[in-house]
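Here is how the chains run, residue by residue.
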Amino acid sequence: MHNGKTIIVTGVASGIGAETCKVLKSQGATVIGVDRNETDIADQFFKADLSDPSSIDALIDTLPAGADGLANVAGVPPTAPAEAVMKVNLIGLRRLTVGLITKLADNASIANLASLAGFGWASAIEQNKAALALDFDSDIAGFCAENGLDQPGGRSYFLSKESLVIWTMQNRWTWRDRGINMNCISPGPVDTPILKDFLETLGERAEEDMKVMDRPGTPRDIAPVVSFALGAGANWLRGANITSDGGMSSHILCGMHDL
Ligand SMILES: NC(=O)c1ccc[n+]([C@@H]2O[C@H](COP(=O)([O-])OP(=O)(O)OC[C@H]3O[C@@H](n4cnc5c(N)ncnc54)[C@H](O)[C@@H]3O)[C@@H](O)[C@H]2O)c1
């Protein structure tokens with residue numbers, strides 16, 4: 001499926017990123033891994049801190065040109081400081097993606113790991129517009145404080161993922177002239193090292209979700225979906241949000257609309 005392709009995977013050292021790397025390799029891709037933690041799982045590895053603009057810019061300069069895909073998987077959970085959540089999950093991801101566009105091959109695909117946590121974007125449009133206006137030169141700490149993102153409850157994480165879903169939609173056609181498409185994948189709770197952070201932050205809400213679900217997802221449920229989004233079969237998917245959540249988003253929608 002990916003024979004002869006080169007695909008960049010961020011967050012490659014753990015969880016969904018590591019499994020995505022394995023799946024892509026098994027399907028013939030050469031994988032270039034990026035993470036703040038070292039790993040030898042990928043064919044080539046670049047260490048970078050995606051919360052740091054100078055590290056991101058150095059990475060953009062160093063990565064080889066001509067990659068056919070970019071999987072933006074790296075992310076931090078809601079237990080991390082709000083500023084770090086906004087930087088890694090949204091602001092850094094965008095800087096890396098936009099900075100790499102000219103180096104990607106024509107017809108490349110971009111897959112962003114969003115989340116079921118991004119489901120409620122339509123209920124917070126103004127806050128999301130403000131979040132999407134942030135870059136590394138903004139007062140990110142001030143934004144987090146003004147919006148209560150540093151309070152318990154994990155709003156920083158929800159907002160980062162809502163904005164990522166919106167940003168993906170907004171860029172449905174941005175690179176269409178070069179055949180580059182971008183989509184996001186929104187998993188429900190997945191059994192990786194950060195699952196306990198979600199359960200801790202969300203408390204009772206998460207317990208309710210886990211009771212309704214037959215099981216949490218595993219990285220093996222998500223990696224093939226990421227691979228699909230990076231493949232030729234997903235060429236006409238543009239700006240889409242692919243839910244892979246054991247039915248949770250459908251369950252929420254049916255509940256919301258009394259269906
Ligand atoms: N696990 C879940 O329940 C779940 C659900 C929905 C979405 N997601 C999303 O899936 C993605 C992967 O999560 P996971 O569950 O595999 O988590 P994980 O902790 O297993 O993996 C995340 C990886 O990102 C890397 N990373 C974090 N901050 C970084 C930084 N500043 N610079 C470079 N690398 C950094 C980590 O080192 C780690 O290898 C994240 O974006 C997460 O938000 C996870």
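Parameters at a glance
- Residues numbered from 1 in each chain as written.
- Predicted model: local features only at pLDDT ≥ 70, side-chain atom pairs only at ≥ 80, totals over all residues.
- Heavy atoms only, no water.
- Near = heavy atom within 4 Å.
- Polar contact = N/O pair within 3.5 Å; in protein donor to acceptor, adjacent residues only side chain to side chain.
- Nonpolar A, V, L, I, M, F, W, Y, C, P; charged D, E, K, R; others polar.
- Phe/Tyr/Trp six-rings, centres within 6.5 Å; stacked < 30°, edge-to-face > 60°.
- Helix = DSSP H or I, 4+ residues; strand = E, 2+ residues; numbered from the N terminus.
- Buried < 20%, exposed > 50% of the residue type's maximum accessible area, 1.4 Å probe, protein only.
- Lys NZ or Arg CZ within 6 Å of the ring centre and 35° of its normal.
- Core = buried A, V, L, I, M, F, W, Y, C linked by side-chain atoms within 4.5 Å.
- Contact = heavy atoms within 4.5 Å.
- Axes fitted to C-alpha atoms, helices over the stretch in contact; angles between N-to-C directions.
- Parallel < 35°, antiparallel > 145°, perpendicular 65-115°, else oblique.
- Pairing = 2+ DSSP bridges.
- pLDDT = per-residue confidence, 0-100.

Notes on the site of the ligand
Logical step 1: The immediate surroundings of the ligand are formed by 30 residues, with S14, D35, Y157, V190 and T192 found nearest.
Logical step 2: With respect to the ligand, the backbone of G15 contributes an N or O atom lying 3.5 Å from an oxygen atom.
Logical step 3: Between the ligand and K161, the relevant distance is 3.0 Å, taken from an oxygen atom to a side-chain nitrogen or oxygen of the residue.
Logical step 4: Here the shell around the ligand is built from residues that sort into 17 nonpolar, 9 polar and 4 charged.

Regarding the packing of aromatic side chains
Logical step 1: Scanning all chains against the criterion turns up 1 aromatic pair.
Logical step 2: Taken together, a centroid distance of 4.9 Å and an interplanar angle of 65° make the contact between Y157 and F198 edge-to-face. With Y157 in helix α6 (residues 155-170) and F198 in helix α7 (residues 195-202), this pair connects stretches of sequence that are 41 residues apart.
Logical step 3: Judged by relative accessible area, F198 falls into the buried class, the value being 16%.
Logical step 4: In this arrangement the basic side chain of R172 is found over the ring face of W173, its NZ or CZ atom lying 5.1 Å from the centre.
Logical step 5: Residue placement shows R176 over the ring face of W173; its charged tip is 4.5 Å from the ring centre.

Focus: the nonpolar core
If you look at soluble globular proteins, the nonpolar side chains tend to sit buried side by side.
Logical step 1: If you look at the biggest cluster of nonpolar residues, it comprises 42 residues, and the most contacted ones within it are I8, L59, L63, M86 and I110.
Logical step 2: Those elements that place two or more of their residues in this core are β2 (30-35), α2 (53-62), α3 (82-100), α4 (125-132), α5 (140-146), α6 and β6 (181-187).
Logical step 3: Considering each element in turn, this core owes the most residues, 7 residues, to α3.
Logical step 4: Not counting the four nearest positions on each side in its chain, L59 is found in contact with V34, F46, A48, L50 and L96.
Logical step 5: V9, C21, A42 and I222 belong to the second-largest nonpolar core, a separate cluster that totals 21 residues.

Some words on the side chain of S156
Logical step 1: As for its placement among the helices and strands, S156 is situated in helix α6.
Logical step 2: Sequence-distant contacts of S156, defined by excluding residues within four places in its chain, comprise A82, V85, M86 and L149.

Side note on the environment of L100
Logical step 1: Residue position: L100 is located in helix α3.
Logical step 2: Taking relative accessible area as the criterion, L100 reaches 2% and is therefore assigned buried.
Logical step 3: Expressed as a C-alpha distance, the spacing of L100 and G75, which sit 25 residues apart in the sequence, is 18 Å.
Logical step 4: Setting aside residues up to four positions removed in sequence, L100 forms contacts with I8, I60, L63 and L70.

Here we look at the environment of V31
Logical step 1: Relative to the helices and strands, V31 is located in strand β2.
Logical step 2: Sequence separation between V31 and L70 is 39 residues, and the spatial gap between their C-alpha atoms is 9.8 Å.
Logical step 3: Dropping the residues within four chain positions of it, V31 is found in contact with I7, V9, C21, L24, K25, A42, D43 and Q44.

Let's talk about the packing of α4 against α6
Logical step 1: Put simply, α4 and α6 touch, their axes get as near as 9 Å, and they point 80° apart. Accordingly, the angle class assigned to the pair α4 and α6 is roughly perpendicular. Residues Q127, N128, A131 and L132 of α4 form the contact with α6, whose participating residues are R155, L159, E162, S163, I166, W167 and Q170.
Logical step 2: Here the residues of the contact of α4 with α6 are counted per class, giving 5 nonpolar, 4 polar and 2 charged.

Things to note about the pairing of strand β7 (residues 241-244)
Logical step 1: Only one face of β7 is buried: it carries I242 and S244, and the other face, with N241 and T243, is open.
Logical step 2: The pairing of β6 with β7 spans 4 bridges and is classified as parallel. If you follow S186 over to β7, its bridge partner there is T243.

As for the confidence of the model for the protein chain
Logical step 1: Confidence in the prediction of the protein chain, expressed as mean pLDDT, is 96, and 100% of residues score 70 or more.
Logical step 2: The secondary-structure element of the protein chain with the lowest mean pLDDT is helix α8 (residues 204-212), recorded at 78, while strand β1 (residues 6-10) shows the highest, at 99.

Digging into the sheet that holds strand β3 (residues 44-47)
In any sheet, the strands associate via hydrogen bonds between backbone groups, in a parallel or an antiparallel arrangement.
Logical step 1: Read from one edge of the open sheet, 7 strands run β3-β2-β1-β4-β5-β6-β7, paired in parallel fashion. In this open sheet, the two strands that pair with only one neighbour each are β3 and β7. Taking each pair of neighbouring strands and ignoring which way they run, the sheet shows an average axis angle of 20°.
Logical step 2: Along the sheet, α3 makes contact with β1, β4 (69-72), β5 (109-113) and β6, crossing β4 at roughly 175°.

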